[in-house]
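Per-entry structural report
Each chain, written out:
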Amino acid sequence: MNLLAKESEVAISRPLTPSDMKLPHKLKDRVRSKTRLKSARRVRSGVFSEDIIPLVLTSKTQEIFQCVIDQDITDEQPYKIIKKEDIINDMKARGGISDFYPFKQQILDHSTEEFLVALDKDFKYGQSFYMVMNETMKDVILQSFEQKQEVKQKDEDEEEEIFFRDFRIKSWTDLGSGIEIEHEKVEESPTKVKFMISRIRREFGAPVVFHDRNDAETKDSYMDCTSYQDKNFSIKKLERDIGIQAICILEESSTQTVWTYPRNACTQYTPSEFTQEEKDEILQSEALNTFINSVALRFEVALQQNEIMDVFYDDWRGLSDEDSTFGGKADCHLKEYQSFTDLLKSQGKRISNIEWHPIILGLVAVSIVDRVTWDDRINLTNRALRTHSYVLFWNFTDPIHPQIMLEAPDDIYCFQFCPTDPNIVAGGCKNGQVVLWDISEFSGRLQGNLPAAKPDTVKSNMLPELDPTPRFEVPIAHYCGVSSIEHGHKTVISDLCWIPDHFEVTKFGVPCEIGEGNSVQLITCSPDCSVLFWDIRRPKARVLTRQEKQKMEKELPNPEGVPDTFKHLDLYWKPMHRVTLPKVSSTGEFSPLKISMKEKCSEKVYEKAQLNLTKSKGGSPEYGTMDIPSSRDLTRLTEINTFLFIGTEDGEVTSIDWQIEKDVDTGKMTTPRPTHCYTVHDGPVNTVQRSPFFRDIILTVGGWTFAIWKEGVTLGPLVHSACATKRCQTGHWSLTRPGVIIIGKEDGNIDIWDLLEKTHEPSQTQNITSVSISCIKPWIITAKQHLLAVSDDFGTLHILEVPWALRHPLTQEKANVEAYFDREVKRLEYFEMRKIFRTEKKEVEEEDKPPVEAEVKAAEQVEDELKKEYGLYLQEEKKIIFAQLGKV
């Protein structure tokens, strides 16, 4: 054995020499088998890690080298031999994007002319493919593939063996069913009428020629079958029903007024004009300045109303139209009011989020992201220069040029205005960072005091009004605060919401009373299995390290145009509280995409927002002076609901408590495990929204279905729609009708569901665009004008006007919808009760049954019984054959 081991090591470490060839043949064979055995063991244990390279081959590379999975690479042949020359040519042609480029030097150093590329189904080496660069290992792996194929072929041949047994054909024996067959047999009783048509033999096959003739000239050329009255079927009517109605005698009369000839009349007067001195005196008077200052605000509001609503609309005729269409379907279609698109920033891109300004009427903001696939997104991650992403603010006064643009370091997938201070905007980036903007500097422009976009001054002799292509300059608001990328989310931030103004959350997730009465905290979620809480106030003072002090001393003031509102957070901002999402029973965590909390802002939030909007230029510098209070100084609130309703990336819906508690087993402070989880959606959940009328009723949209839930009911959804023909992309509750839901789909259609009318199909379907719908956001401008903002994957924002039938609630609609939800809850409870009853009944029946003793027979006993039966069969066959021969 020592000699064999030494010889195998020699075979592995160096090639065979002539002296080695002098060994006996048996010893050589044993050395070779031992060498291959050791090589196979080293392959399994990963010893040759330098000779086996894990690879990720994209679909393009698989097509180039003809190793496409399930086409070229199959279970019968899970490998491909690729020449070294082809790999070098691919690296020269495709450069850095070639999948073999990271291993360029190793490929060039090896003298092997062919490499083995095999499919790694079990991800043994970490990727879907691996490449073998050693000849000995390549032979061993190919031999193992051939052995597996032979074993598999042998098993299939054994399965295909079918044992045939001889069957004896017996004669038919009638047991009484023949009489029934005879009775049911259909026979033709009447005699058939036979007609014989003959023709002269010589006329067979003769050509036929048709021509016109007059039927009156030829006798018996046609037969006229006229109708006549048959007296045999004439029945005298003895009774007849006749209806008679008495009416008043009508009289038609008319009258006409005396007509007179019209006459044209005119008059002329000379206008009285001020002199130039009088004009100058009036313009410089104090009374005129006082008058203009007093009416300027009302005049601006009137101009905005003229842009938003039709001032020439006949209200009396509108009242009659509303009365005539009540309860009908004449006025139930959405009408496009206006559309917005930017030819440079948004065209060809996808709108990821829509938000209406909470105070300024007619102002809507949208976030623009790149419309790329997952493979393209992976290829773009290595791009050195990345362009900035923007959030566009649109106004009805200019459908082409945005009012302002918010600059972001990366694509913004969600953003929201601060409820108490609309000048503060928070957004979530694709790279996991949270961005803060302060737009107080542009509040005057957004309110209409300044033009939305001004043309650049052209230094030429051409007049501005004669310039055929004026260039507009849209102001850009730079972000003034961004979170630390090391302590934030690891993937894209999919949802963001502000915590209401009547409480705040400590670092342990405990809700406490807030002193300032402002919204200063927000919640974000991401598919990285975490929900983070952030605070925009200044963190507590702590002892700084020497490096941090040197970094703070080197900090420069913000560039011109960037406010210092959140300079205390820029690049140092960390989450104050982290919530993990463990699964109910199994290991792992949920990947949240959308969140929703039950608490909402107080009634005074609108007044606070109006007050903060009218602040002077310079934003809100008090955020830099606010300190996060200690949890010991805060009053805990017990009536706050601390549960978040979550929709995950896998179509799951669950509810989790954000307060951490002490684990009994480990003693650590962790998030409590949720009690229930339902997988009702066949795709990622893209919408989780609470009803504006019932805070415990929640709408979720994902995949091809949508569902309605009630918080606290753990038996399942109240309403679960059937699978649609197209994927549901987004959804929203109606702001004025409790039973109406709006669903946007990938084919550009909008489905309007009225739960009080029917729940098995939408009440109305209307096409909005030719591409997929990405977001839906309704808003109330006035009591008689409701707008619906709909965005698509082509960067266009459609503003639709909601008709009267969809914005005016029915009589007792809220009470009827609430009663409908209560009935659905009772239905779920009854279904669960019957399920438990049937389970208990089945268990009782199984207990009453006598136990059945299963007879377990050995394989030899079964084989003996089959042989005995076969022997009896052969004896009976011989008797029948001898009996037949005896008769013969």
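Here we look at the overall build of the protein chain
Along its length, the protein chain carries 18 helices and 39 strands. Residue burial in the protein chain is summarised as follows: out of 888 residues, 36% are buried. For the protein chain, restricting intrachain contacts to residue pairs at least 6 apart in sequence, the fraction spanning at least 24 positions comes to 63%. When the accessible surface of the protein chain is totalled, it reaches about 59,700 Å², and 53% of it is carbon and sulfur.

Side note on the sheet that holds strand β22 (residues 577-580)
Pairing is antiparallel across the open sheet formed by four strands, whose spatial order is β17-β20-β21-β22. The sheet is open, and its two borders are formed by β17 (495-498) and β22, each paired with just one other strand. Direction aside, the axes of adjacent strands within the sheet are offset by 15 degrees on average. Where strand β21 (residues 530-535) lies against β22, four bridges are found, and the strand directions are antiparallel. Paired with Val531 across the two strands is Val579, which belongs to β22.

What to know about the sheet that holds strand β15 (residues 476-477)
Across the sheet, five strands lie side by side as β6-β7-β8-β9-β15; this open sheet has mixed pairing. Among the strands making up the open sheet, the edge pair consists of β6 (350-356) and β15. Sheet analysis places strand β8 (residues 389-395) next to strand β9 (residues 405-408), joined by four bridges and oriented antiparallel. By the bridge assignment, Ser389 is partnered in β9 with Ala408.

Let's talk about the pattern of salt bridges
For the coordinates displayed, the defined rule picks out 16 salt bridges. Lys349 is paired through a salt bridge with Asp370; the nearest N and O atoms lie 3.6 Å apart. Of this pair, Lys349 sits in the loop between β5 (335-340) and β6 while Asp370 sits in the loop between β7 (363-369) and α12 (374-380); the two residues are 21 residues apart in sequence, bridging distant segments of the chain. On the basis of relative accessible area, Lys349 is assigned to the partly exposed category, the value being 27%. Look at Asp370 and you get partly exposed, because its relative accessible area is 24%. For the salt bridge of Asp793 with Arg350, the shortest nitrogen-to-oxygen distance reads 3.1 Å. With Asp793 in the loop between β38 (785-792) and β39 (797-801) and Arg350 in strand β6, the pair connects residues that are 443 residues apart, well separated along the chain. Residue classification places Arg350 among the partly exposed residues on the basis of a relative accessible area of 27%.

Things to note about the packing of aromatic side chains
Under the definition given, this model contains 16 aromatic pairs. Plain terms: the ring middles of Tyr79 and Phe145 are 5.4 Å apart, the flat faces sit at 0 degrees to each other, and that makes the pair stacked. Highlighted residues: Tyr79 in strand β2 (residues 79-83) and Phe145 in helix α7 (residues 135-159), separated in sequence by 66 residues. As far as burial versus exposure is concerned, Tyr79 and Phe145 are alike and both buried. Aromatic ring contacts, followed pair by pair, group Tyr337, Phe340, Trp394 and Phe396 into a single cluster. A cation over an aromatic ring shows up here: Arg727 above the ring of Trp704, its NZ or CZ 4.1 Å from the ring centre.

Let's talk about the nonpolar core
Counting 23 residues, the largest nonpolar core has Val391, Phe393, Leu406, Trp437 and Ile439 as its most contacted members. Elements with a contribution of two residues or more to this core: β7, β8, β9, β10 (412-417), β11 (424-429), β12 (434-438) and α15 (605-613). Looking at this core, the element that brings in the most residues is β10, giving three residues. Other than its neighbours up to four places away in sequence, Leu406 contacts Ser389, Tyr390, Val391, Phe393, Val425, Trp437, Ile439 and Ala477. By size, the runner-up hydrophobic cluster in this structure holds 22 residues, among which are Leu496, Ile514, Leu522 and Leu532.

Quick look at the pairing of strand β30 (residues 697-702)
Of all six residues in β30, six are buried; the element is thus mostly enclosed. Residues of β30 alternate between two faces, with Ile697, Leu699 and Val701 on one and Ile698, Thr700 and Gly702 on the opposite face, all of them buried. Note: β30 against strand β31 (residues 705-710), six bridges, orientation antiparallel. Counted as the bridge partner of Val701 is Phe706 from β31. Here β30 folds back onto β31 in antiparallel fashion, the turn holding two residues, of which Gly703 has a positive phi close to 65 degrees.

Calculation notes
Residues numbered from 1 in each chain as written. Predicted model: local features only at pLDDT ≥ 70, side-chain atom pairs only at ≥ 80, totals over all residues. Heavy atoms only, no water. Helix = DSSP H or I, 4+ residues; strand = E, 2+ residues; numbered from the N terminus. Buried < 20%, exposed > 50% of the residue type's maximum accessible area, 1.4 Å probe, protein only. Contact = heavy atoms within 4.5 Å. Areas by Shrake-Rupley, 256 points an atom, 1.4 Å probe, with all protein chains shown as cover. Pairing = 2+ DSSP bridges. Axes fitted to C-alpha atoms, helices over the stretch in contact; angles between N-to-C directions. Salt bridge = Lys/Arg side-chain N within 4 Å of Asp/Glu carboxyl O. Phe/Tyr/Trp six-rings, centres within 6.5 Å; stacked < 30°, edge-to-face > 60°. Lys NZ or Arg CZ within 6 Å of the ring centre and 35° of its normal. Core = buried A, V, L, I, M, F, W, Y, C linked by side-chain atoms within 4.5 Å.

These figures come from the coordinates and say nothing about function on their own.
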